[in-house]
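One-letter residues, chain by chain:
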Amino acid sequence: MPLTIGVPRETFAGEKRVATVPEVVEKLVKLGFDVCVETGAGAAANFGDEAYQAAGARIAGGVADLMAASDIVFKVRAPSPGEISLMKPGTTLVSFIWPAQNPELMQALADRKLTVLAMDALPRQLSRAQKMDALTSMAGVSGYRAVIEAAHAFGRPFNGQVTAAGKIPPAKVFIAGAGVAGLAAIGAAANLGAIVRANDTRAEVADQVVSLGGEFVKVDYEEEGSGGGGYAKVMSEGFQQAQREMYAKQAREVDIVITTALIPGKPAPKLITAEMVRSMKPGSVIVDMAAEQGGNCELTDPGQLVVRHGVTIIGYTDLASRLSRQSSTLYSNNLLRLTEDLCKTKDGTINVNFEDDAIRGLTVVKDGEITWPAPPPRLPAAPPPKPAAAAAPVAKKSGHGHGAGEPASAKSLAILFGVGALLFWLIGAYAPASFLGHFTVFVLACFVGYMVIWNVTPSLHTPLMSVTNAISSIIAVGALVQVAPPLGEGAEGRPDTLILALAVVALALTAINMFGGFAVTRRMLAMFRK
């Protein structure tokens, strides 16, 4: 018998997202599930009940009716005690849970004999789990929204302008943390025309910052900052001191600071001190994206916009919810991919398979038993090193010094030169003298073109460039021969006007092709150069 997926209306204050959108409901129905949506569940995200019904969902009049009919519950925010009490024992809950920060919630879920899959517990180091990575989906939306909130509070265009009324300098934005949210913020601020700087403890993200139009600001302290699962780790005291000095300098110089630093299971690190806030220019803005976990700024008031020392500090905890329609669509797609993995048989039933590392990592409660934290996922073993290729045996030369001991390539080369010499002798013996002169120039042009192009550093051109430039060299040599008469000949040796004009045009076009080709290739290579 197919299971029923229930989608209640979110009751958390200010939450506008919904766990499933009509487009995804159609796909869940095709997997064999019944879908039941509480009336008004998608209204705040601009999804009406009619759209859900058209997609194949049933509409429940209230949360009690919904929970009574649901075998699986999809939510965005963790359930309230009242919602937990309405769930049937044995129900599977899929939601954000944050088990490290909510031990009482975990115990309540276990006492109700539920199976709980926490979307925030996904082992993100598994590449195949990226399709279910709701944290990344929400972080990207939040990073973009943080820039929009900063622009609204800043009260000045981000891009520089020169008008008849005066010059407006571009805004300077500093982003602390270049994870998914930070990179989204970098791209949005750069596209609005701001001068963007960013820092992260993970040195490997520097190229990503630059590729999005930002400048990576390095801390003057050498220490590796990569942690597990794509997060940063807690740095040493020496690094943190050097980082604080760099942040203090940036706070004095920039107009907007956006902080994104979070470490799983720990309070948000304090990056912006009260003293740094006092040093900022009046009218500056701080957007603290870590406000829900305590904030990266000492003066942040979670959930509120406050002004301290002339600086606007935004501590909103619902940035993703402020773009509710897009956030809901992304989150519901993540849940759909998870459901596809849980229901490989496409018969409307699920299998919480602990042999699957992604499912095991997500499962924090199984049939009333707390299973969090999950063991580390089994990453693929490194491929065994390839055995060293055996050295090719060296053929012994015969006593006569040639014959069977010679390499085959040398034989082929000797035969090729022999045939070529014979061909040249035949041409020289029977061809007209005028043809022989032109043929000699052609052969020399081929040789010179080959030597010139193939001796260029390989990184400066592609194989196609090599061939086209070799042909261009042949054309250039031929055109030069036509433009300049042979030595010892006067005006009678000069070509007529038409041939001379064609030769000059050929030289000009060849020069454009060769030099333009190298210029384009250099620009292409610069895109990939660190």
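Above this text sits the structure in question.
What counts, and where the lines are drawn
- Residues numbered from 1 in each chain as written.
- Predicted model: local features only at pLDDT ≥ 70, side-chain atom pairs only at ≥ 80, totals over all residues.
- Heavy atoms only, no water.
- Helix = DSSP H or I, 4+ residues; strand = E, 2+ residues; numbered from the N terminus.
- Pairing = 2+ DSSP bridges.
- Contact = heavy atoms within 4.5 Å.
- Axes fitted to C-alpha atoms, helices over the stretch in contact; angles between N-to-C directions.
- Phe/Tyr/Trp six-rings, centres within 6.5 Å; stacked < 30°, edge-to-face > 60°.
- Buried < 20%, exposed > 50% of the residue type's maximum accessible area, 1.4 Å probe, protein only.
- Lys NZ or Arg CZ within 6 Å of the ring centre and 35° of its normal.
- Core = buried A, V, L, I, M, F, W, Y, C linked by side-chain atoms within 4.5 Å.
- Parallel < 35°, antiparallel > 145°, perpendicular 65-115°, else oblique.
- Expected span 1.5 Å × (residues − 1).

**Student:** Before we move on, can you summarise unusual backbone geometry with the specific residues and values?
**Tutor:** Of note, the bond from Trp 372 into Pro 373 is cis; its omega dihedral lies within 30 degrees of zero at 0 degrees. Looking at the element boundaries, Pro 373 is found in the loop between strand E17 (369-370) and helix H13 (408-430). Residue Asp 367 is not a glycine yet carries a positive backbone phi of 50 degrees. On the secondary structure map, Asp 367 appears in the loop between strand E16 (363-366) and E17.

**Student:** Which residues make up the sheet that holds strand E6 (residues 115-118), and what values go with them?
**Tutor:** Pairing within the open sheet is mixed, and its eight strands lie in the order E3-E2-E1-E4-E5-E6-E16-E17. Taken across any chain shown, the strands that pair with only one partner, and hence form the sheet edges, are strand E3 (58-60) and E17. Relative to E16, E6 runs antiparallel, the two being bridged by two bridges. Counterpart to Leu 117 in the pairing with E16 is Thr 363. Running at roughly 140 degrees to strand E5 (residues 92-95), helix H11 (residues 324-342) makes contact with strand E4 (72-74), E5 and E6 of the sheet.

**Student:** Run through the packing of aromatic side chains, naming residues and quoting values.
**Tutor:** Enumeration over the complete set of coordinates arrives at five aromatic pairs. Arranged with centres 6.1 Å apart and planes meeting at 85 degrees, the rings of Tyr 221 and Phe 239 form a pair that is edge-to-face. Highlighted residues: Tyr 221 in the loop between strand E11 (215-216) and helix H9 (237-253) and Phe 239 in helix H9, separated in sequence by 18 residues. According to the relative accessible area criterion, Phe 239 is buried, its value standing at 3%. The rings of Phe 96, Trp 98 and Tyr 331 are connected pair by pair, giving a single aromatic cluster. Sitting over the face of the ring of Phe 12, Arg 77 holds its NZ or CZ atom 4.2 Å from the ring centroid. Against the face of Phe 354 rests Lys 366, its NZ or CZ located 4.6 Å from the ring centre.

**Student:** Talk me through the nonpolar core; I want residue IDs and the actual numbers.
**Tutor:** Judged by nonpolar contacts, the single largest core of 43 residues is most densely connected at Val 18, Leu 28, Phe 74, Phe 96, Met 119, Tyr 331 and Leu 338. Among the elements of the structure, strand E1 (4-7), helix H1 (22-30), strand E2 (34-38), helix H2 (49-55), E4, helix H6 (134-154), H11 and helix H12 (357-362) are those that each provide at least two residues to this core. The element contributing the most residues to this core is H11, with five residues. Those residues within four positions of Leu 338 in sequence are excluded, and the remaining contacts are Val 94, Leu 117, Met 119, Met 132, Ile 359 and Leu 362. Core analysis: the second largest hydrophobic core is formed by 31 residues, Ala 150, Ala 189, Ala 206 and Val 285 among them.

**Student:** Describe the packing of H1 against H11, listing the residues and the values that go with them.
**Tutor:** Two quantities define a packed helix pair, namely the angle between the helix axes and the distance between the axes. Contact geometry for H1 and H11: axes closest at 10 Å, N-to-C directions at 10 degrees. Considered as vectors, H1 and H11 are oriented roughly parallel to each other. Counted together, Val 24, Lys 27 and Leu 28 of H1 and Ser 332, Asn 333, Leu 336 and Thr 339 of H11 form the full contact between these two elements.

**Student:** Describe in detail the environment of Ala 198, supporting the description with residues and values.
**Tutor:** Within the secondary structure, Ala 198 is located in strand E10 (residues 195-199). Judged by relative accessible area, which is 0%, Ala 198 ranks as buried. With 25 residues separating them in the primary sequence, Ala 198 and Val 173 have C-alpha atoms 8.2 Å apart. Beyond its immediate stretch of four places on either side in the chain, Ala 198 contacts Phe 174, Ile 175, Ile 186, Val 209, Glu 215, Phe 216 and Val 217.

**Student:** Let's hear about helix H7 (residues 180-191): which residues, and what values?
**Tutor:** For H7, with 12 residues, the first-to-last C-alpha span of 17 Å sits near the 16 Å given by 1.5 Å per residue. Of all 12 residues making up H7, nine are buried, and the element is well covered by its neighbours. Along H7, the residues classified as buried are Ala 181, Gly 182, Leu 183, Ala 185, Ile 186, Gly 187, Ala 188, Ala 189 and Ala 190. Turning to H7, the residues buried within the fold contact H6, strand E9 (172-176), E10, helix H8 (206-211) and strand E12 (256-259). Gly 193 occupies a position one or two residues after H7 and carries a positive phi of about 100 degrees.

**Student:** Can you break down the environment of Ser 211 residue by residue, with the values?
**Tutor:** As for its placement among the helices and strands, Ser 211 is situated in helix H8. Residue class for Ser 211 comes out exposed when judged on its relative accessible area of 58%. For the pair Ser 211 and Gly 187, spaced 24 residues apart in sequence, the C-alpha separation works out to 9.1 Å.

**Student:** Any chance you could break down the sheet that holds E11 for me, citing the residues and the numbers?
**Tutor:** What the seven strands build is an open sheet, ordered E11-E10-E9-E12-E13-E15-E14; its pairing is mixed. This sheet does not close on itself; its edge strands, each paired only once, are E11 and strand E14 (305-308). Examined bridge by bridge, strand E13 (residues 285-288) and strand E15 (residues 311-314) share three bridges and lie parallel to one another. Looking at the pairing, Val 285 lines up with Thr 312 of E15. Against the sheet, H6 engages E12, E13 and E15, with an angle of about 155 degrees to E13.

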